[in-house]
Amino acid sequence: MVENLMNNGAGHSAGAPLARGQGVALWRQIAGSLEREISGGGLAPGARLPTEAELSARFGVNRHTVRRAMEELETRGLVRVEQGRGSFVAEDVLDYPVGPRTRFSETIRRQNREPQGRLIRVEEVPAEASIAEQLRLRRGRPVIMAERLSLVDGRPVAIGTHWFSAARFPTIAALLSEDSSITRALAKLGVPDFQRQATRITARLPTPEEAVLLEQSRNRPVLVTEALNVDPQGNPVEVSFGCYASGRVQIVAES
């Protein structure tokens, strides 16, 4: 696809030449030209775009001008930039319902997509005040912290950080190391079902580590959820924080 774009771009045959000195910034013209190719189907969702050097040669401008055009396309959600990999046409945004009973794999499979999970780390740590309060523990008591990367069709969409009482679930770290599914781990530990008691949703810029894991730029916001899951008796099971790539996920609140 990139090769075709470059061939079409020779001599600006893919679009009109840039109009210089006529009051429209060159970067805006480049952004408009690429947007027309995307909307016209010349570049499919997920397709890799040419490099800055290739676009500079195609349009006869410097890399700074091309970079400004790409920043505009990324801000508008038409392009996603992956650190170290390049720029790609943005895919359709995934609807992710959040309600009393939210299960990642079930939600993704209902949309005919393929869910995956990868455990980043799991360790025992002392409970911070807010985590201890929600889990009904004394501050500083041991909790199991598990960090997990969730993918859809091979693309990272969310980072989940989960805390469990080490006293109630002493073997959950070992179970998650073998199988990253939290739902299956809890079922083996005598909690076959649980639901969200509350969810808070906010937005912020990603940390450098989050941007790398989600394969997105640091200037694109992430959606953050904070949730408390409880068992059928109302006892706290898990405190979780989700960090979602806003360019790929749209959170839908369900009652």
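Residues numbered from 1 in each chain as written. Predicted model: local features only at pLDDT ≥ 70, side-chain atom pairs only at ≥ 80, totals over all residues. Heavy atoms only, no water.

Explain the overall build of the protein chain here, please?
Assigned secondary structure in the protein chain consists of nine helices and 10 strands. Counting contacts in the protein chain only where the partners sit at least 6 residues apart, residues at least 24 apart contribute 59% of the total. Counting every atom, the protein chain has about 13,200 Å² of accessible surface; 48% of that belongs to carbon and sulfur. If the 33 positive side-chain charges of the protein chain are averaged to one point and the 30 negative ones to another, these points end up 2 Å apart. (Helix = DSSP H or I, 4+ residues; strand = E, 2+ residues; numbered from the N terminus. Contact = heavy atoms within 4.5 Å. Areas by Shrake-Rupley, 256 points an atom, 1.4 Å probe, with all protein chains shown as cover. Lys, Arg positive; Asp, Glu negative; His and termini not counted. Charge placed at Lys NZ, Arg CZ, Asp CG, Glu CD.)

Please clarify how unusual backbone geometry should be interpreted in this entry.
Trans is the prevailing form of peptide bonds, just as negative phi is the prevailing case for residues other than glycine. If you check the backbone angles, Asn112 has positive phi at about 60° while not being a glycine. Inspection of the secondary structure puts Asn112 in the loop between α5 (104-110) and β4 (115-126). Among the residues examined, Asn112 registers a relative accessible area of 73% and is labelled exposed. Within the chain, Arg136 stands out as a residue other than glycine whose phi angle is a positive 60°. The exposure class assigned to Arg136 is exposed, which follows from its relative accessible area of 56%. (Buried < 20%, exposed > 50% of the residue type's maximum accessible area, 1.4 Å probe, protein only.)

Sorry, what's going on with the sheet that holds β4 here?
Neighbouring strands of a sheet are bound in pairs by backbone hydrogen bonds; such pairs are parallel or else antiparallel. Strand order in the open sheet made by the six strands is β4-β5-β6-β9-β8-β7, with antiparallel pairing throughout. Each edge of the sheet is formed by a strand with only one pairing partner; in this case those strands are β4 and β7 (195-204). For this sheet the average axis-to-axis angle between neighbouring strands, irrespective of direction, equals 15°. Taken together, the 11 bridges between β4 and strand β5 (residues 142-152) define a ladder with antiparallel strand orientation. When the bridges of β5 are listed, Arg121 appears paired with Glu147. (Pairing = 2+ DSSP bridges. Axes fitted to C-alpha atoms, helices over the stretch in contact; angles between N-to-C directions.)

Honestly, the pattern of salt bridges in this entry has me stumped. Any pointers?
One side chain can pair with another of opposite charge once the charged atoms of both are near each other. Scanning all chains against the criterion turns up 14 salt bridges. A salt bridge links Glu123 to Arg121; the shortest N-O distance between them is 3.1 Å. The salt bridge partner of Arg155 is Glu215, with a shortest N-O separation of 2.5 Å. Of the two residues, Arg155 sits in strand β6 (residues 155-165) while Glu215 sits in the loop between α9 (208-214) and β8 (222-230), which places them 60 residues apart along the sequence. Overall, the relative accessible area of 15% leaves Arg155 in the buried class. Judged by its relative accessible area of 25%, Glu215 is partly exposed. Three or more residues are tied together by salt bridges with common partners; here these are Arg101, Arg103, Glu106 and Asp193. (Salt bridge = Lys/Arg side-chain N within 4 Å of Asp/Glu carboxyl O.)

I keep staring at helix α4 (residues 63-75) and nothing clicks. Help me out?
Since there are 3.6 residues in each turn of an α-helix, residues three or four apart along the chain are aligned in direction. Compared with the 18 Å implied by 1.5 Å per residue over 13 residues, the 18 Å span of α4 between its first and last C-alpha is a close match. The set of residues buried in α4 consists of Thr65, Val66, Ala69, Met70, Leu73 and Glu74. Buried residues in α4 make contact with α2 (26-39), α3 (52-59), β1 (79-82) and β2 (86-89). Put simply, Asn62 is the residue that caps the front of α4, since its side-chain oxygen is 3.2 Å from the backbone nitrogen of His64. Of the residues trailing α4, Gly77 is marked for its positive phi of about 80°. (Expected span 1.5 Å × (residues − 1). Polar contact = N/O pair within 3.5 Å; in protein donor to acceptor, adjacent residues only side chain to side chain.)

What am I meant to see in the packing of α2 against α3 here?
When two helices pack together, you describe them by how their axes are tilted relative to each other and by the distance separating the axes. Contact geometry of α2 with α3 gives a least axis separation of 12 Å together with a crossing angle of 105°. When the axis of α2 is compared with that of α3, the two are roughly perpendicular. Judged by residue contacts, Ile30, Ser33, Leu34 and Glu37 of α2 engage Leu55, Arg58 and Phe59 from α3. Split into classes, the residues belonging to the contact of α2 with α3 amount to four nonpolar, one polar and two charged. (Parallel < 35°, antiparallel > 145°, perpendicular 65-115°, else oblique. Nonpolar A, V, L, I, M, F, W, Y, C, P; charged D, E, K, R; others polar.)

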